[in-house]
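The lines below spell out each chain.
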Amino acid sequence: MDLKRQKSKISISRFLFDVLCHLRRMKSGSFLAQDVGLLCLALLVSGCGDNLEKIESVNVSLAPQKAPEGIDFESQREILESASLAGEMLAESYGQWMEAIWDDVKASKDKLGVFSKLEFTSMQWGQWSDQRRIDHDIGLHDLQPSSKKWMLDEWRSWLEEIKSAGIELEQMQWRHVGFMAHDDRYSSPVSEFTFEFHAKRGEPATRWILRGGMDVIWYSGRKSNVFAGVKHIEVTEATLLQRDGPPPFEHVVAADVSPADQDLVLEPNLQVLDLDGDFEPEIILSRINRVFWNQGSGRFRTGSLLEFPLAQFHQGIVADFSGNALLDFLAVTTEGLALYEGDGKGAFAKAPRRQDL
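Residues numbered from 1 in each chain as written. Predicted model: local features only at pLDDT ≥ 70, side-chain atom pairs only at ≥ 80, totals over all residues. Heavy atoms only, no water.

Colleague: Is there a simple way to think about the sheet that holds strand S17 (residues 299-303) in this case?
Modeller: In a beta sheet, neighbouring strands are held together by backbone hydrogen bonds and run either parallel or antiparallel to one another. The four strands are arranged S14-S15-S16-S17 in an open sheet whose pairing can be described as antiparallel. A single partner strand is all that each edge strand has here, and the edge strands are strand S14 (270-273) and S17. This sheet shows a mean twist of 20° between the axes of neighbouring strands, independent of strand direction. The pairing of S14 with strand S15 (residues 282-285) spans four bridges and is classified as antiparallel. Within the sheet, the bridge partner assigned to valine 272 lies in S15 and is isoleucine 283. (Pairing = 2+ DSSP bridges. Helix = DSSP H or I, 4+ residues; strand = E, 2+ residues; numbered from the N terminus. Axes fitted to C-alpha atoms, helices over the stretch in contact; angles between N-to-C directions.)

Dropping the structure here:
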């Protein structure tokens, strides 16, 4: 299914008409036979001349001729631009269906429950292949074609089974990647979406990522620029990743790392390093003068990195710069270098030594 064909035709035709109009202005109204060829090509690309077998060879003169009456290139270009804009607006109006679902999912605690409210006539999903193992002990399933269709009641029953099993939807992403106002296969408008779902279950601990694409076939009737509803949903491709057991990473600490000066758009200059020699790495955000002291067992204590912080600096790094086996902090400023000597316990209590560049 080529959902981008119509838009491509309009874009190419618009370009050719722009060229024709430009040539016409340059020649002060004269009209060359090459223009006729370009015009024919533009009409063919835009769908106005699909019967190529009816076109016969024509001998034309390359001498300048008077522009044929009745051909208004500016008007033709405006028509093409209007058609292109109308198509984009139509596609956007259908895409708002998914945007509304996305907004509801983000605002709802029962994210799977949002999908129980969908209205459609049928859905074609396919069936999963046997699981195969990939890196990091992750299982992968591919979606295999199937002619089985789900009705709306079956879809809602399946969602209830998923929820009863303790599976929760964490997040999702959608993209409206294609649209055709009329598809011959369905005699209806068709949208193409890509999607990604992240889901989890507490016990037994399992996480899933579902990625794929689907076609949404709409009912053709429209009133007041509102689509009449979803006729059929066909999942065209999908992969399912599954990992059993607890996640390899756990949420430990969260902090606001926005700069004090909101006009500055700078990253906080993150480093992870054992500052105090207890074999527990600290989290260092030197640009906002903050350090998260690692207390072990996933516990952190917040403190300042420097006793005499700089107002601004470009970059900073923790390393032994003085050769005494103690960690120092070196910052690059607009004036030069600023070196803070460490005391071996993770503190930088002295004012910096400066070196102009």
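Colleague: Hey, could you run me through the sheet that holds strand S21 (residues 353-356) in this one?
Modeller: Sheet architecture is open: four strands sit in the order S18-S19-S20-S21, paired in antiparallel fashion. The outermost strands of the open sheet, each flanked by one partner alone, are strand S18 (315-319) and S21. Along the sheet, successive strands turn relative to each other by an average axial angle of 20°, direction set aside. Sheet topology note: the strand S20 (residues 336-340)/S21 ladder contains four bridges and is antiparallel.

Colleague: Even after reading the chapter, I still don't get the pairing of S15, so can you show me in this structure?
Modeller: Successive side chains on a regular strand alternate, one facing one side of the sheet and the next facing the other. Here S15 runs beside strand S16 (residues 290-296); their pairing, made up of three bridges, is antiparallel. Looking across to S16, one finds that isoleucine 284 is bridged to valine 291. Here S15 folds back onto S16 in antiparallel fashion, the turn holding four residues, of which asparagine 289 has a positive phi close to 55°.

Colleague: Sorry if this is basic, but what is going on with helix H5 (residues 152-164) here?
Modeller: Structural remark: α-helix, 3.6 residues per turn; residues separated by three or four positions point the same way. Between its first and last C-alpha, H5 extends 19 Å over 13 residues, near the 18 Å set by a 1.5 Å rise per residue. Buried-residue contacts for H5 involve helix H4 (111-116), strand S3 (120-124), strand S7 (149-151) and strand S8 (167-183). Following H5 by one or two positions, glycine 166 has its phi on the positive side, about 85°. (Expected span 1.5 Å × (residues − 1). Contact = heavy atoms within 4.5 Å.)

Colleague: I'm lost on the environment of serine 188 in this one. Help?
Modeller: Among the secondary structure elements, serine 188 is positioned in strand S9 (residues 188-201). Dropping the residues within four chain positions of it, serine 188 is found in contact with Met180, Ala181, His182, Asp183, Ile217, Trp218, Ser220 and Lys231. Here tryptophan 218 takes part through its backbone oxygen, which lies 3.3 Å from a polar atom of the side chain of serine 188. Here the side chain of serine 188 touches lysine 231 through a polar contact of 2.8 Å, side chain to side chain. (Polar contact = N/O pair within 3.5 Å; in protein donor to acceptor, adjacent residues only side chain to side chain.)

Colleague: Would you mind showing me how to read the packing of aromatic side chains here?
Modeller: Aromatic ring pairs are described here by two measures, namely the spacing of the ring centres and the angle between the planes. Applying the stated criterion to the full structure yields 16 aromatic pairs. When the ring of tryptophan 174 is compared with that of phenylalanine 195, the centres are 5.7 Å apart and the planes differ by 50°; the resulting orientation is tilted. On the criterion of sequence distance, the pair formed by tryptophan 174 in strand S8 and phenylalanine 195 in strand S9 is long-range, its members being 21 residues apart. Taken individually, tryptophan 174 and phenylalanine 195 each receive the classification buried, so the pair is uniform in this respect. With a centroid separation of 6.0 Å and 50° between ring planes, the pair formed by phenylalanine 329 and tyrosine 340 is classed as tilted. Here the residue phenylalanine 329 occupies a position in strand S19 (residues 328-332), and tyrosine 340 occupies one in strand S20, the gap between them amounting to eleven residues. For the pair phenylalanine 329 and tyrosine 340, one class covers both residues: buried. (Phe/Tyr/Trp six-rings, centres within 6.5 Å; stacked < 30°, edge-to-face > 60°. Buried < 20%, exposed > 50% of the residue type's maximum accessible area, 1.4 Å probe, protein only.)

Colleague: Mind showing me how you'd approach the environment of leucine 337 here?
Modeller: Take leucine 337: it is sitting in strand S20. For the pair leucine 337 and glycine 316, spaced 21 residues apart in the sequence, the C-alpha separation amounts to 9.6 Å. In contact with leucine 337, other than residues within four places in its own chain, are Leu330, Ala331, Val332, Arg353, Arg354, Gln355 and Leu357.

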